[in-house]
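Architecture and fold: a report
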Amino acid sequence: MIKDILRNNIKEITPYSSARSEFTNTSGDMIYMDANENPYGSVGGTFLNRYPDPFQIELKSMISKIKDISIENIFLGNGSDEAIDIIIRAVCIPELDNIITLSPTYGMYKVCADINDIKTKEISLLEDFSVDINSIIENINTNTKAIFLCSPNNPTGGSIVFSDVKRLLNKFKGLVIIDEAYIEFSEKESYLSCINNFDNLIVLQTFSKAWGLSGIRLGCAYSNAKTIEVMNKIKLPYNINSCTQEIAKQALKDTNSVDIFVRNIKEQKAILQYQLSKFACVDKVYNSDANFLLVKVDNANKLYSHLISEGIVIRNRTNIEGLENCIRISIGTAEDNQKLLKAIYNYNQTNIEI
Ligand SMILES: *Cc1c(COP(=O)(O)O)cnc(C)c1O
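Residues numbered from 1 in each chain as written. Predicted model: local features only at pLDDT ≥ 70, side-chain atom pairs only at ≥ 80, totals over all residues. Heavy atoms only, no water.

**Section: the overall build of the protein**
Secondary structure assignment for the protein yields 13 helices and 11 strands. Computed over C-alpha atoms, the radius of gyration of the protein comes to 22 Å, within 12% of the 20 Å expected from 2.2 N^0.38 for 354 residues, which places it in the range of a compact globule. Over its C-alpha atoms, taken along the principal directions, the protein stretches across nearly 75 × 50 × 35 Å. Counting over 354 residues, the protein shows a buried share of 50%. Restricting to contacts in the protein with at least 6 residues of sequence separation, those with at least 24 account for 68%. Both charge centroids of the protein, one from 37 positive and one from 43 negative side chains, sit 1 Å from each other. (Helix = DSSP H or I, 4+ residues; strand = E, 2+ residues; numbered from the N terminus. Rg over C-alpha atoms; globule rule 2.2 N^0.38 Å. Buried < 20%, exposed > 50% of the residue type's maximum accessible area, 1.4 Å probe, protein only. Contact = heavy atoms within 4.5 Å. Lys, Arg positive; Asp, Glu negative; His and termini not counted. Charge placed at Lys NZ, Arg CZ, Asp CG, Glu CD.)

What follows is the structure, encoded as structure tokens:
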């Protein structure tokens, strides 16, 4: 239970009570003289002189319908990065506690832990990038408060098998966070339907990838109501601004476009994976459940520089342990991908001449 692992200061905290959380008008014709806003209007958009809804009820009710999840099971953050930070601050005591992550994985878990002076135990993925669940379990101690799993994993692209996650959820008393930033691109099932079956499971999703809304900064955490309540207590009062709430509400009416984006990206991924695998400079293209490909090449630094010189930016991951000579390529449009292939072709030619 979340209350058994919460930090004492968080247990006892009285959250800031904002003007808009004490009174919210539903009828539409109240005179608001409670929040020191500008009554005449705004130099920006018409609705921007008012503070946003601190609990994003309209937005959550739309998400609730699409995901078939109750509003009380949804937390919205300024990107899922905010949710990661809040989870760590809720349960980890600085200088004392630790989190477990896998390696290689998304960098923000460790960064948030470092900022809060929390240790990160990094458990290496196996050679084929699968998860060594026994090694995770062996590394849990009484100060381990959260385990972050990323599925599909950034940057390796693979997913974690359900039986492993279930074993961990049953064995570990702390929080198990499954980051599903790339779930829309995956054929594997989301863990969303399990949030009420385990009292220590949190699922993260984001509008930054498949939805094409990285710029508005909106991420979701789904969990049991008690855990969500704690996260709402810790967050800044107006963490999701009015523009973000408005744009997200518009976007949620158009799930069809997301399906089309995802279909195109998956189709392009298959083409790119096949064509990349034919180059002499490419050792291996890993299978990916996400919208990127991890590729092992002959010389990642050299290829990276070459691609920059041709105006293409990819992610060089060669300095990460276990990813020597690996690059990560986000799937582009058909045109982007053709340009990338042409540029790698040119690199291959110069390589052969030398
Ligand atoms: C991109 C990404 C996110 C997204 O973070 P936001 O703050 O929602 O933009 C989260 N987790 C992983 C693993 C990612 O790759």
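**Section: the nonpolar core**
One recurring pattern in soluble globular proteins: nonpolar side chains tend to sit buried together. Ile63, Ile136, Leu149 and Tyr222 are the most contacted members of the largest nonpolar core, which has 53 residues in total. If we ignore the near neighbours within four places in the chain, the residues touching isoleucine 63 are Asp68, Ile74, Leu76, Phe207, Cys220, Tyr222 and Leu252. Core analysis: the next-biggest nonpolar cluster, separate from the first, contains 30 residues, Leu6, Cys92, Ala146 and Ala221 among them. (Core = buried A, V, L, I, M, F, W, Y, C linked by side-chain atoms within 4.5 Å.)

**Some remarks on the site of the ligand**
Near the ligand lie 14 residues; those nearest to it are Asp179, Tyr182, Thr206, Ser208 and Lys209. Here an oxygen atom of the ligand sits 3.2 Å away from a polar atom, N or O, in the main chain of aspartate 81. Here an oxygen atom of the ligand sits 2.6 Å away from a polar atom, N or O, in the side chain of tyrosine 182. Taken by itself the ligand offers 390 Å² of open surface, and the protein chains cover 94% of this. The residue makeup of the shell around the ligand, split by class, is 5 nonpolar, 5 polar and 4 charged. (Near = heavy atom within 4 Å. Polar contact = N/O pair within 3.5 Å; in protein donor to acceptor, adjacent residues only side chain to side chain. Areas by Shrake-Rupley, 256 points an atom, 1.4 Å probe, with all protein chains shown as cover. Nonpolar A, V, L, I, M, F, W, Y, C, P; charged D, E, K, R; others polar.)

**Topic: the state of the cysteines**
Considering all chains together, one arrives at 0 disulfides under this definition. The thiol of cysteine 194 is unpaired, and the distance to the nearest cysteine sulfur, on cysteine 150, comes to 17 Å. Given the relative accessible area of 10%, cysteine 194 is considered buried. (Disulfide = S-S within 2.5 Å.)

**Details of the pattern of salt bridges**
Overall, the coordinates contain 13 salt bridges when judged by the stated rule. Note that arginine 20 and aspartate 34 form a salt bridge whose closest N and O atoms lie 2.4 Å from each other. Of the two residues, arginine 20 is situated in helix 3 (residues 19-22) and aspartate 34 in the loop between helix 3 and helix 4 (57-67); the sequence distance between them amounts to 14 residues. Assessed through its relative accessible area of 7%, arginine 20 is described here as buried. (Salt bridge = Lys/Arg side-chain N within 4 Å of Asp/Glu carboxyl O.)

**Notes on a nonpolar patch on the surface**
Taken together, Phe55, Ile57 and Ile71 make up a surface patch of nonpolar side chains, about 220 Å² in accessible area. Counting through the fold element by element, isoleucine 57 comes out in helix 4. (Patch = residues over 30% accessible without salt bridge, like charges linked within 9 Å, V, L, I, M, F, W, Y side chains within 5 Å.)

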